[in-house]
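Here are the chains, one letter per residue:
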Amino acid sequence: MHSNQVWRLIPLLEAGGNVQMAIDCWLLEQHQFGKHPPTLRFYTWSPPAISLGYHQRQYPEYWQHLTWQGQKLDLVRRPSGGRAVLHQGDLTYAVVTSGLMGNRLQVYEKICEFLIQGWRSLGVELRYGTAGRGYIHNPNCFGTATNADLVLPDGGKLIGSAQLRRNGAILQHGSIRLQPDAELFDQVFGAESFTTVQLLQSLSVEKIIAALIAAASNCFDMQIEVKPLSSSEWEAILAKPISEAGSQIIR
């Protein structure tokens, strides 16, 4: 990686899942063709959604009819792999970059380092999960912690990440569980899979994002240019057929 590269930081964005996935796909594609710098962004899903891994074909039919606080949950397909993630009360990060050497897991760990450092600066120690039995049979990404996940000292999973690589360009995005609703989680995945995340109440989303940005600057040896999506970029992102963007609302 070039030293002191300029990365783009897209400010926190709240939008529907299909829009968020379209943005991540577009950023990866633009970066892959050399038209866009490496990018870091944070976002939230509104309405809440369940995102399915790109290859995940089996999921309960009733997921298509769930509601939370009067809103229908979206069911969205991610361009990345992995299993289902419930996006409610979470913060999602996305990193688009290239030039990282190593196998998939080594690249995961290089990118995850900023998450570990950022949370450490907030007084939270994270470690990589270890996949136990039942990983393959569990449709819920947060039901088991694999070595691509970051867990708290008590074993509760805080961050689950997924990755997509295209010709040396990498999209890695992941869900950071901040205030998940236990009841909704039970509805989606069943009671056995929920572990509460005990984080300090004083940790606001803004504080968390600031800590993660500072850690990313350090880990990726980068300078940051804060730049929201422009209207012409929005046009390009929303003009793509949704299936081509690798994301679709499944109904």
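My aim in this report is to walk through the structure given alongside it, one point at a time. The model shown is predicted, which means the values in this text are computed figures rather than measured ones.

1. Structural notes on the sheet that holds strand E3 (residues 49-52)
Link 1 in the chain: Reading across from one edge, E6-E3-E7 is the order of the three strands in this open sheet, with mixed pairing throughout. With one partner strand each, in any of the chains shown, strand E6 (74-77) and strand E7 (85-87) form the two edges of the open sheet. On average, each strand axis in the sheet is inclined to that of its neighbour by 25 degrees, with strand direction left out of account.
Link 2 in the chain: Here E3 pairs with E7 via three bridges, running antiparallel.

2. Focus on the environment of Val76
Link 1 in the chain: Tracing the backbone through its elements, the reader meets Val76 in strand E6.
Link 2 in the chain: Judged by its relative accessible area of 0%, Val76 falls in the buried class.
Link 3 in the chain: Remark: the alpha-carbon pair of Val76 and Ser51, spanning 25 residues in sequence, is separated by 4.8 Å.

3. Some details on the pattern of salt bridges
Link 1 in the chain: Following the criterion strictly, the structure yields four salt bridges and no others.
Link 2 in the chain: Residues Glu125 and Arg120 are paired through a salt bridge, measuring 3.0 Å at the closest nitrogen-oxygen approach.
Link 3 in the chain: A relative accessible area of 41% places Glu125 in the partly exposed class.

4. Topic: the nonpolar core
Link 1 in the chain: Grouped together as the largest cluster of nonpolar side chains are 37 residues, with contacts concentrated most on Leu40, Phe42, Phe114, Trp119 and Ile176.
Link 2 in the chain: Excluding anything up to four places from it in sequence, Phe42 contacts Leu9, Ile10, Pro11, Leu12, Leu13, Leu91, Thr92, Tyr93, Phe114, Ile209, Leu212 and Ile213.
Link 3 in the chain: Leu13, Val76, Ala94 and Ala169 belong to the second largest nonpolar core, which has 21 residues in total.

The rules behind these values
- Residues numbered from 1 in each chain as written.
- Predicted model: local features only at pLDDT ≥ 70, side-chain atom pairs only at ≥ 80, totals over all residues.
- Heavy atoms only, no water.
- Pairing = 2+ DSSP bridges.
- Helix = DSSP H or I, 4+ residues; strand = E, 2+ residues; numbered from the N terminus.
- Axes fitted to C-alpha atoms, helices over the stretch in contact; angles between N-to-C directions.
- Buried < 20%, exposed > 50% of the residue type's maximum accessible area, 1.4 Å probe, protein only.
- Salt bridge = Lys/Arg side-chain N within 4 Å of Asp/Glu carboxyl O.
- Core = buried A, V, L, I, M, F, W, Y, C linked by side-chain atoms within 4.5 Å.
- Contact = heavy atoms within 4.5 Å.

Shape descriptors only; they carry no functional weight alone.
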